[in-house]
Amino acid sequence: MTEDELFMRDAVRLARHALDHGETPVACVFVSRALREVVAFGVNATSRDHCGTAHAELQAIRQWQERWGGSGGASGGTGGEATGTGVPGSFSDLCVYVTVEPCVMCASALRQIGVSKVYFGCANDRFGGNGTVLSLNSPQSRSLGATPPYAAVPGLFRREAIMLLRYFYVRENDKAPQARSKGNRDINTRDFPPLHWGRYIGREEFGREFGSRELHRYDDDLDLAGDGVADHGIDWTLIDSRHDRIVDALTERLDTLERSGRYHFGKKRKIAAESNIIT
Amino acid sequence: MVKKCNNTLKIDYKKCIVEERLLQIVNLENVNEADLVDVWAIDIEPRESRKVIDLIRCHTQDQDPINLQHIKRIKKSHDNKTLITVVASKELISDLSELECLLKKEEINYKSVIEDVKVPRIGPSTKELITEWSTKYWPINWNGNPNDQILTSYEFDMDLIKDLLGRITAKASSEQLTGNRFPIVSAFVDPKDKANVLFATDKRCNPSYNMLDHSIMRGIRKVAERQKANAFNKTFTGTTYLCVDYDVYTTHEPCSMCAMALIHSRVKRCIFIKDMPETGSLKVGSGDGYCIHSNKALNSKYEVFQWIGSEYDVPKLSKSTCT
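The rules behind the values
- Residues numbered from 1 in each chain as written.
- Chains lettered and ligands numbered in written order.
- Predicted model: local features only at pLDDT ≥ 70, side-chain atom pairs only at ≥ 80, totals over all residues.
- Heavy atoms only, no water.
- Helix = DSSP H or I, 4+ residues; strand = E, 2+ residues; numbered from the N terminus.
- Areas by Shrake-Rupley, 256 points an atom, 1.4 Å probe, with all protein chains shown as cover.
- Lys, Arg positive; Asp, Glu negative; His and termini not counted.
- Charge placed at Lys NZ, Arg CZ, Asp CG, Glu CD.
- Pairing = 2+ DSSP bridges.
- Axes fitted to C-alpha atoms, helices over the stretch in contact; angles between N-to-C directions.
- 1 Å grid on protein atoms, 1.4 Å probe; cavity = no way out; pocket = protein on both sides within 12 Å on 5 of 7 lines; lining within 4 Å.
- Points joined across faces, edges and corners; volume = space filled by probe spheres on them.
- Nonpolar A, V, L, I, M, F, W, Y, C, P; charged D, E, K, R; others polar.
- pLDDT = per-residue confidence, 0-100.
- Contact = heavy atoms within 4.5 Å.
- Domains from an automatic or database assignment.
- Disulfide = S-S within 2.5 Å.
- Buried < 20%, exposed > 50% of the residue type's maximum accessible area, 1.4 Å probe, protein only.
- Arc of directions from axis to C-beta.
- Polar contact = N/O pair within 3.5 Å; in protein donor to acceptor, adjacent residues only side chain to side chain.
- Phe/Tyr/Trp six-rings, centres within 6.5 Å; stacked < 30°, edge-to-face > 60°.

A few words now on the overall build of chain B. A count of helices and strands for chain B gives eight helices and twelve strands. Counting only C-alpha atoms and orienting by the principal axes, one finds that chain B spans roughly 75 × 50 × 35 Å. Just so you have it, chain B exposes about 15700 Å², and 49% of that area is on carbon and sulfur atoms. If the 46 positive side-chain charges of chain B are averaged to one point and the 44 negative ones to another, these points end up 2 Å apart.

Given below as structure tokens:
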């Protein structure tokens, strides 16, 4: 299993945790590309917070700010300009692993803080901001000040992400005052819509990401793991078991990282920013 | 329907301006390009039409989330012998068994259900397009430009609007005086609790906040906190779910993040003062032309107006600032 897959597995576990707490099962982890370690995570909390904007990505940004931002403030007072140059603790060092494509709001937020890359599981058909409805991350999108574009790569644990959403919508239906017909309660575990890779990444980029042997998947809109594989290519134990410890486990990892002193934001970043000015 | 003559406000329907001050921000490209919705139609004998019309009146017309008043309900079939009748949208009746159940209950004799009928969600804005759309999609009535009707139906409390725009402008100026480099202010008005307006300022330069704490994002959070605090307060009469039907007033045209946040929060209306030609996301000419509040693909909408009078002098921002 690749490191990318391991990070996305953490996000999927968190999403399952969200489902078990009555939230939309969407979650993410932020990873420092330099350290290859999780530096923040977020879980959808729209229900708990009575707030339509408490999406996983924004929760993670907030957590990241609280833990690493210190009194320096992630804003750095620049408001819109990307900071740092890929050093640990800078925005451009962040890579996001999120189970569902960021919505337009989150895609815009991720661009405004200046992350370098987003991996997402499945597309967000209604609100997707990384290619499905709009492409806030693309170089063609110019309405976000001087922020650099970022790459968005779909597909990792896509079917697991879709299944969690299906679990959620069946529960929601059952709660609705006018329950829909019973037929809807049988969750479809077999059929998955094609993944239109071309909407999100170029063919070459796909090859670099997943290897040239997989290019037929790009050409035929196929999942990375899928049809013809046992269990429809789905890791059922990942999504069908509760992950009650995942929040604690990730928090412990962040605590350990903080104690190690290998990852800073506050003062270190300021120095980095100043040295940027000199050069 | 609100009749044009009953509306005491001065509305320029051509330019879409209310009281010479509020410019309706809408993506007109959307209006002149048919947005099709799936409907259920049935093939019936002409003598059944009365019963079917009764069914529509009693069971579907008023309940349907899609207003179908602009389409003719009945058209002749190709062989001219039977009538094809639109019963309801597929948003009202989601599956075939539900439709069949209703038809059976109302004792309608029909030859078949026609599944693939699509009609325009909203009628076209000009009479010329009626003929084109009627041939291409489905026969349509001309009830005037649908946007005239939309404009007429909107409610404007001009005194309240002026008061709030004045207050956010004053707050923005005082933010600027106290050193906030992002003097942007928004006001959130709960339709069920108009007296308790929530104001929010841009906090991105404040060390305890982050660079995404734009005034609209903070306002939405404040509304959520107020609701949470009043969750068990029986005397609280305000809205208890998101910002449903809220009016939002803001000094500068929102960026894509904030504009989308307003969709997630289900607000009814946003009125802004200063447009942001580079970073705005509501006006057709702003930024990438997303028109987020009237983007067909996003399938959720709120009304947007820009105050075009010179009464409110909001602080100038650098062009590349996302608000």
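To continue, consider the sheet that holds strand E4 (residues 36-44) of chain B. Residues and elements named next belong to chain B. A sheet is described by the order of its strands in space; here four strands give the open sequence E5-E6-E4-E7, paired in antiparallel fashion. Of all the strands in the sheet, just strand E5 (74-76) and strand E7 (112-120) have a single pairing partner and so form its edges. Each strand axis lies, on average, 35° off the axis of its neighbour in the sheet, ignoring direction. Judged from the seven bridges that link them, E4 and E7 form a sheet pairing that is antiparallel. Bridging across to E7, Asp-38 finds its partner in Lys-118.

Our focus in this paragraph is empty space enclosed by the protein. Inspection of the entire model under this criterion finds two cavities of 30 Å³ or more. Roughly 40 Å³ of volume is contained in the second largest cavity. Taken together, His-50, Cys-51 and Gly-52 of chain A together with Ile-220, Val-223, Ala-224, Leu-242, Cys-243 and Ser-265 of chain B make up the full set of residues lining the second largest cavity. Considering only residue class, the lining of the second largest cavity consists of six nonpolar, three polar and no charged.

As a further point, take the confidence of the model for chain A. Do not read the predicted coordinates in detail wherever pLDDT is low. Residues and elements named next belong to chain A. For chain A, mean pLDDT is 86; residues scoring 70 or higher make up 83% of the total. In this model residues 70-84 is a low-confidence stretch, pLDDT under 50, and it forms 37 contacts with partners more than four residues away in sequence or in other chains. In this model, residues 267-279 is a region of pLDDT below 50 whose contacts with residues beyond four sequence positions or in other chains number seven contacts.

Another aspect to go through is the domain arrangement of chain B. Domain boundaries in chain B define domain 1 (36-121) and domain 2 (157-307). For domain 1 of chain B versus domain 2 of chain B, the distance between C-alpha centres works out to 41 Å.

What follows is about the environment of Glu-252 of chain A. Among the structural elements, Glu-252 of chain A can be located in helix H8 (residues 246-260). The sequence separation of Glu-252 of chain A and Pro-139 of chain A amounts to 113 residues, and the corresponding C-alpha distance is 37 Å.

Residues and elements named next belong to chain B. Applying the stated criterion across every chain, the model contains zero disulfides over all chains. Left unpaired, Cys-270 is separated from the closest cysteine sulfur, that of Cys-258, by 9.7 Å. Residue Cys-270 is classed as buried on the basis of its relative accessible area, which comes to 0%. Lacking any disulfide linkage, Cys-291 is separated from the closest cysteine sulfur, that of Cys-16, by 13 Å.

Another point: helix H2 (residues 49-60) of chain B. Residues and elements named next belong to chain B. Within the span of H2, buried status applies to Ser-49, Val-52, Leu-55, Ile-56 and Thr-60. Around the axis of H2, the buried residues are gathered within 115° of arc, so they sit on the same side. Away from its buried face by more than 90 degrees, H2 exposes Arg-50, Arg-57 and Cys-58.

The subject of this paragraph is helix H5 (residues 146-153) of chain B. Within an α-helix, residues lying three or four positions from one another point in the same direction, as the helix has 3.6 residues per turn. Residues and elements named next belong to chain B. Listed in full, the buried residues belonging to H5 are Pro-146, Asn-147, Asp-148, Leu-151 and Thr-152. Packing partners of the buried residues in H5 comprise strand E1 (11-12), strand E2 (17-18), strand E3 (22-24) and strand E12 (303-307). The backbone nitrogen of Asn-147 lies 2.9 Å from a side-chain oxygen of the residue at the head of H5, namely Asn-145.

Quick look at unusual backbone geometry now. The phi angle of most residues is negative, glycine excepted, and most peptide bonds adopt the trans form. Although it is not a glycine, Arg-36 of chain A adopts a positive phi angle of roughly 55°. Tracing the sequence through the fold places Arg-36 of chain A in the loop between strand E1 (27-32) and strand E2 (37-43). Arg-36 of chain A sits in the partly exposed class, given a relative accessible area of 25%. One non-glycine residue with positive phi stands out, namely Arg-266 of chain B, at about 65°. Among the secondary structure elements, Arg-266 of chain B is positioned in the loop between helix H8 (256-264) and strand E11 (269-274).

This next bit is on the packing of aromatic side chains. This model, assessed by the stated rule, comprises 15 aromatic pairs over all chains. Geometrically, the ring pair formed by Trp-68 of chain A and Tyr-263 of chain A is edge-to-face, given 4.7 Å between the ring centres and 85° between the ring planes. Here Trp-68 of chain A is found in helix H2 (residues 56-69), whereas its partner Tyr-263 of chain A is found in the loop between H8 and helix H9 (266-278), with 195 residues between them in sequence. Overall, the relative accessible area of 5% leaves Trp-68 of chain A in the buried class. Tyr-263 of chain A sits in the buried class, given a relative accessible area of 2%. Where Tyr-154 of chain B meets Phe-305 of chain B, the ring centres are 5.6 Å apart and the plane angle is 80°; that geometry is what we call edge-to-face. Here the residue Tyr-154 of chain B occupies a position in the loop between H5 and helix H6 (158-177), and Phe-305 of chain B occupies one in strand E12, the gap between them amounting to 151 residues.

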